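Chain residues, written in single-letter form:
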There are 2 protein chains.
Amino acid sequence: MTDSPQSPLWRSPVTSSDRLLLEMQRTIVEGEIASGSKISEPELARKFNVSRAPLREAMARLERCHLIERIPNAGARVVKLSTEGLRALYQIREELEGLACRLAAENMDEQEIEQLRGLLDQHLNTQRVREGESYYQEAGDLDFHYRIIIGSKNPYLINMLCDELYFLVRMYRVQLGMNGPRVSRAFDEHKAIINAIANRDGELADLLMRRHIAASRGNIELKLQQLGK
Amino acid sequence: MTDSPQSPLWRSPVTSSDRLLLEMQRTIVEGEIASGSKISEPELARKFNVSRAPLREAMARLERCHLIERIPNAGARVVKLSTEGLRALYQIREELEGLACRLAAENMDEQEIEQLRGLLDQHLNTQRVREGESYYQEAGDLDFHYRIIIGSKNPYLINMLCDELYFLVRMYRVQLGMNGPRVSRAFDEHKAIINAIANRDGELADLLMRRHIAASRGNIELKLQQLGK
DNA sequence: ACAAAACTTATTGTCGACAATTTATTTTTT
DNA sequence: AAAAAATAAATTGTCGACAATAAGTTTTGT
C-alpha cells in the first residue's frame, strides 16, 4: 500500500494492453473517436493489430476512468459530455483536490515545493514565448495539479484523481477548446496556492484550490452553454 | 450519464464474470482468502469452474475496488490491511461522504428521507432483539450510508464510494471484528444526520457525517493497534 | 563452499475459434 | 400497409491452447 505502481501512467507500459490503454485514452480524450459513438471490438482489434483479449482488458480500464460505458452483451460507447456531467465531475474535483492541497501542505517536503515553484516559472516562460498556444497552457496546468495531488502522499487520492477522474477533465477541456483568456489569472491563482502550501497553511491552500477549480468550471460551463447544448 | 448501471451491484449479475466478481468480493472481504496471499489464476479458475477469461475480467474489477494489487507478468495479491492504509482510506471517506451529505440535503426528496427514517427505526428494533449480534448492526450501518450516498444524485460520487471504496471499508470492519460498544452512539449520530438532511441543512449534515466517520475511524484504528501491528 | 550462470518449471499475457446473446432484416399476419 | 413474429447477421462472452515472461532449481566455475 506504500505506493501505487499499477496504472501505465506510473510504470512504463510493459504489456500490450498497457500500450492500447494509453493510445485509446489519448484517442478518446482528443475526440478522434466521437463522443457517444459505439465501440466495435473487432474493428478496433484490427485497427490496432491486436487480438480482442488485450483490447477488452484495456476497455475494462477505460470504463474505470469513465471514458466509456459498457452494457453487458450490448457493447460499449464513448461517454457523452453534458453540463450535468461536468457539474457532477467538478463537485468531486473541488472536494478531492481541496483535500489534496490540505494534505500537500502537511506532507510535501521542501524539495518538492521548490520543484513546484520551478515548474511555475518554467511555464511562465513558455507561455510568454507561445502566446495563445493552448496546448502548453493545458499541459502546464495539468503538471501543476498532478504534482500537488502526488504531494498529498495519499495513494487512494492519487489513484482516484490522476488515474480515474483526470482523463474526463482533460476530455472536457480539450473538446471545448480551452484557449480562453483565463491564462494569466490561472497563473496568479497557482502562485497563491503554492505560497499557502509553502507556509504549511493547509486550510488556505484548500480554500484557494476550491476557488480555482470553481472558476475553471464556470469557464467551461459557459463554453458548453454557448455551444447550444 | 443520467445513472450508472454498470457494476453488478446495480443490475442483476448477467454474465459469468459478474457472478465471479460478487463471489470474490465477498470471499476477500470476509477474509476467506487471506490478506496478502497470492492469487493463482489456474487454481481459482478450477475452484469456480470457469475459464481464465472471465476470471481475469473479474480480477480487473477487483483491482478497481482496491481489493487486490496486480503486477504485470508477476501476478496478483490480496491487499494487506495497515494503519496507514486505513488512515488514507478514511481521509477520502470523510471528504466524500461529507460531500454526499451536503448534496443529499439538497437533492433527496421527501419520500427518500422518510424511507431513511424508516430504515433507522427498523434497525433500532432488530438491534434490540439481537443484542451484540454485530452482523445486523454492520448491515444496517451500511444501508444507512449507501442511501445517503445515492441520495446525493451524483453518479461519480456514487460510483466511487459504493463500487470502489466501500469494499475496503467493509474489509477493515469485518476482519477487525467490529462488534464494539459504539452501537447506540452511532445510532444517535445517524439520527442527527437525518434531521440535518430533513431540515435541508447541508452544511450541518456535512459536519456531522465527518465527525461520525472520524469516530468510526478512531474505533477501528484502536483495534488495529491492539492487534500488535 | 559460495556465487553466478544455465536450465527447468510454472504463471501470466495473447491468440483464434466457438457459443450465447443482441440487433437488423425479412417474412407473416391482421 | 402496419405490426408482430420469425429468421439471419453481427457482436459479445467464454473457452482451450500457445507464446512470453518470471520464479525456482540445478549446474558450473572460482
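Residues numbered from 1 in each chain as written. Chains lettered and ligands numbered in written order. Predicted model: local features only at pLDDT ≥ 70, side-chain atom pairs only at ≥ 80, totals over all residues. Heavy atoms only, no water.

## Things to note about helix 7 (residues 155-175) of chain B
One turn of the α-helix equals 3.6 residues, which is why residues spaced by three or four share an orientation.
All names here are of chain B.
Logical step 1: Its 21 residues place the ends of helix 7 29 Å apart at the C-alpha level, agreeing with the 30 Å of an ideal helix rising 1.5 Å per residue.
Logical step 2: Within helix 7, the axis deviates most sharply at L165, by approximately 50 degrees.
Logical step 3: Along helix 7, 18 of the 21 residues are buried, which leaves the element largely enclosed by surrounding structure.
Logical step 4: One side-chain oxygen of the residue at the start of helix 7 lies 3.0 Å from the amide nitrogen of Y156, identifying that residue as N154.
Logical step 5: Positive backbone phi, at 60 degrees, marks G177, one or two positions downstream of helix 7. (Helix = DSSP H or I, 4+ residues; strand = E, 2+ residues; numbered from the N terminus. Expected span 1.5 Å × (residues − 1). Bend = angle between axes of the 7 residues up to and from the residue. Buried < 20%, exposed > 50% of the residue type's maximum accessible area, 1.4 Å probe, protein only. Polar contact = N/O pair within 3.5 Å; in protein donor to acceptor, adjacent residues only side chain to side chain.)

## Side note on the interface of chain A and chain B
Logical step 1: Facing the 33 residues of chain A at the interface are 33 residues of chain B.
Logical step 2: Buried surface at the junction of chain A and chain B, summed over both partners, amounts to about 3100 Å²; 61% is from carbon and sulfur atoms.
Logical step 3: On the chain A side of the contact with chain B, A:E95, A:Y156 and A:M160 bury the most area, a combined 20% of that side's loss.
Logical step 4: The tally of links between chain A and chain B comes to eight salt bridges.
Logical step 5: Among the ionic pairs, B:E95 bridges to A:R210, the shortest N-O distance being 3.2 Å. (Contact = heavy atoms within 4.5 Å. Buried area = accessible area lost by both parts, 1.4 Å probe. Salt bridge = Lys/Arg side-chain N within 4 Å of Asp/Glu carboxyl O.)

## With respect to the domain arrangement of chain A
Residues and elements named next belong to chain A.
Logical step 1: Considered domain by domain, chain A is made up of domain 1 (16-78) and domain 2 (83-227).
Logical step 2: Between the C-alpha centres of domain 1 and domain 2 there is a distance of 27 Å.
Logical step 3: The interface of domain 1 with domain 2 comprises 11 residues on the first partner and 10 residues on the second.
Logical step 4: In total, domain 1 and domain 2 occlude about 960 Å² of area from one another, counting both sides; carbon and sulfur atoms represent 61% of this.
Logical step 5: Of all residues in domain 1, V29, R64 and H66 give up the largest surface area on contact with domain 2, accounting jointly for 50% of the area buried on that side.
Logical step 6: Between domain 1 and domain 2 we count one salt bridge in total.
Logical step 7: Residue R64 pairs with E164 through a salt bridge whose shortest N-O separation is 3.2 Å. (Domains from an automatic or database assignment.)

## So, the UniProt feature "domain: HTH gntR-type" (unreviewed entry) in chain A
Logical step 1: The sites that UniProt annotates as "domain: HTH gntR-type" (unreviewed entry) are residues 14-81 of chain A.
Logical step 2: Secondary structure across residues 14-81 of chain A comprises 53% helix and 15% strand; the distance between its end C-alpha atoms is 32 Å. (UniProt positions renumbered as here; feature names shortened; annotations may be inferred.)

## Side note on the protein's contact with DNA strand D
Logical step 1: The full set close to DNA strand D counts 18 residues, and A:R52, A:R56, B:T15, B:S16 and B:S51 are the nearest of them.
Logical step 2: With respect to DNA strand D, the backbone of A:I39 contributes an N or O atom lying 3.4 Å from a phosphate oxygen.
Logical step 3: B:S51 places a polar main-chain atom, nitrogen or oxygen, 2.7 Å from a phosphate oxygen of DNA strand D.
Logical step 4: For the surface near DNA strand D, the secondary structure elements donating two or more residues are strand 1 (38-39), helix 2 (41-48) and helix 3 (52-64) of chain A together with helix 1 (16-29) and helix 3 (52-64) of chain B.
Logical step 5: Looking at the surface near DNA strand D residue by residue, the class counts come to six nonpolar, seven polar and five charged. (Near = heavy atom within 4 Å. Nonpolar A, V, L, I, M, F, W, Y, C, P; charged D, E, K, R; others polar.)

## Comments concerning a nonpolar patch on the surface
Logical step 1: Taken together, the side chains of A:L9, A:W10 and A:I150 present a nonpolar region at the surface, about 240 Å² in accessible area.
Logical step 2: Given a relative accessible area of 30%, A:I150 falls into the partly exposed group. (Patch = residues over 30% accessible without salt bridge, like charges linked within 9 Å, V, L, I, M, F, W, Y side chains within 5 Å. Areas by Shrake-Rupley, 256 points an atom, 1.4 Å probe, with all protein chains shown as cover.)

## Things to note about empty space enclosed by the protein
All names here are of chain B.
Logical step 1: Per the counting criterion, the structure on display carries one cavity of 30 Å³ or more.
Logical step 2: Considering only enclosed or pocket space, the largest cavity measures out at about 160 Å³ in volume.
Logical step 3: Along the walls of the largest cavity sit 14 residues, with S7, P8, L21, R61 and R64 positioned nearest its centre.
Logical step 4: Broken down by secondary-structure element, the contributors of at least two residues to the lining of the largest cavity are helix 1, helix 3 and helix 7.
Logical step 5: The greatest single-element share of the lining of the largest cavity, amounting to three residues, is contributed by helix 1. (1 Å grid on protein atoms, 1.4 Å probe; cavity = no way out; pocket = protein on both sides within 12 Å on 5 of 7 lines; lining within 4 Å. Points joined across faces, edges and corners; volume = space filled by probe spheres on them.)

## Here we look at the sheet that holds strand 2 (residues 68-71) of chain B
Backbone-to-backbone hydrogen bonds join strands into a sheet, with any given pair of strands oriented parallel or antiparallel.
Residues and elements named next belong to chain B.
Logical step 1: The strand order across the open sheet built from three strands is 1-3-2, with neighbouring strands paired in antiparallel fashion. In the strand order of this sheet, the two ends are held by strand 1 (38-39) and strand 2, each with one partner.
Logical step 2: Pairing of strand 1 with strand 3 (residues 75-78), which is carried by two bridges, proceeds in the antiparallel orientation. Along strand 3, the bridge assignment pairs K38 with R77. (Pairing = 2+ DSSP bridges.)

## Considerations on the protein's contact with DNA strand C
Logical step 1: Not every one of the 19 residues close to DNA strand C is listed here, only the nearest: A:T15, A:S16, A:S51, B:R52 and B:R56.
Logical step 2: A share of 71% of the atoms of DNA strand C within 4 Å of the protein falls on sugar and phosphate groups.
Logical step 3: B:I39 places a main-chain nitrogen or oxygen 3.3 Å from a phosphate oxygen of DNA strand C.
Logical step 4: Within the backbone of B:E41, an N or O atom sits 3.5 Å from a phosphate oxygen of DNA strand C.
Logical step 5: At the level of elements, helix 1 (16-30) and helix 3 of chain A together with strand 1, helix 2 (41-48) and helix 3 of chain B are the ones that each hand at least two residues to the surface near DNA strand C.
Logical step 6: Looking at the surface near DNA strand C residue by residue, the classes come out as seven nonpolar, seven polar and five charged.

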